[in-house]
Amino acid sequence: MSKNVGDKIFKCLAIFASLLLVLLVISLFISLVIYSIPSIKKFGFKFVIDKIWDPVADKYGALPAIYGTLVTSFLALLIAFPISIGIAIFISELAPIFLKRLFSFIIELLGAIPSLIYGMWGLFVFAPLIQLKIGPFIQRILGFLPFFQGYPLGVGYLTAGVVLSIMIIPTISSLSREILMAVPTDQREAGYALGMTKWEVISKVVLGNARSGIFAAGILGLGRALGEAVAVTMVIGNFHDISISLFSPGVTITSVIINQFAEATGELKLSVLMELALILFLITFLIMGFARYYILKRIVKE
């Protein structure tokens, strides 16, 4: 009888914890909507597609911030994803025991470094390299592309994307490593029994079974990049405009909120920043929802 009571208590606590998480997300969304109402009433949908940011005239547009957030985050994912998969494959499949422990420790250490340190490194070390060395080198090779035109200032979309990629590598590589190691050993041995080489086993058996999980790891890394604030604010240049060139300075949603929040004394400006936070919430929700749908779709097919 006592065992049944304990089971019921445990079940109730588990249900309460799950419902509490759902309620927290819903309450967060409702709070953002409530605080955003003055901005929504004044600007409507024009706020999302407008580029103007003039606090003196109380004219605000979120398009440059949305554009900068998406560009830097997807650029970070484009750089970090293949590197992270390579790290995960090396640790889980190729490295000897002592190197597995060493590289796992280094990855965990990178994940524990505060974002402020990444931002300072990006501003004082990487940004000058972009301006003086990397930027001119890229322009000599790919300068005909619109993505690499203009004078490299050091700060901008490219610098922010690279800094973000370094920050999300620990997340993607750690999760991918655990997913690869979870592939049953029997499947690897079956591949070897069929005459496959080690690389064929890795590419066809291991990665084939783990692709849905690796995709999810990449999306979680993208979520981290979308929400990063301090490091991006330090290296993106904070210029409220849109440019296709990756060398150009720009803004993200988080950088605008950080830079403008201390000066948001009026109700309208505070509401504008809250609406920016709401937009970021919705972007993250949509991306994560798409990833969840894709993974479930893959599972059903398999």
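These figures come from a predicted structure and were not determined experimentally.

**Some thoughts on the overall build of the protein chain**
Helix and strand content of the protein chain: eleven helices and two strands. Reading the protein chain from its N terminus to its C terminus gives the helix and strand order α-α-β-β-α-α-α-α-α-α-α-α-α. The dimensions of the protein chain, computed from C-alpha atoms along their principal axes, are 70 × 70 × 35 Å. With the model as given, the accessible surface of the protein chain reaches about 16,700 Å², and the carbon-plus-sulfur share is 73%. Taking the 23 positively charged and 16 negatively charged side chains of the protein chain as two groups, their mean positions are separated by 5 Å.

**Describing the side chain of T72**
Along the chain, T72 falls in helix α3 (residues 63-94). Note on T72: relative accessible area 1%, which makes it buried. Polar contacts involving the side chain of T72 include one to the main-chain carbonyl oxygen of G68, which spans 2.7 Å. In terms of polar contacts, T72 uses its side chain to reach the backbone carbonyl oxygen of T69, at 3.3 Å.

How each quantity is defined
- Residues numbered from 1 in each chain as written.
- Predicted model: local features only at pLDDT ≥ 70, side-chain atom pairs only at ≥ 80, totals over all residues.
- Heavy atoms only, no water.
- Helix = DSSP H or I, 4+ residues; strand = E, 2+ residues; numbered from the N terminus.
- Areas by Shrake-Rupley, 256 points an atom, 1.4 Å probe, with all protein chains shown as cover.
- Lys, Arg positive; Asp, Glu negative; His and termini not counted.
- Charge placed at Lys NZ, Arg CZ, Asp CG, Glu CD.
- Buried < 20%, exposed > 50% of the residue type's maximum accessible area, 1.4 Å probe, protein only.
- Polar contact = N/O pair within 3.5 Å; in protein donor to acceptor, adjacent residues only side chain to side chain.

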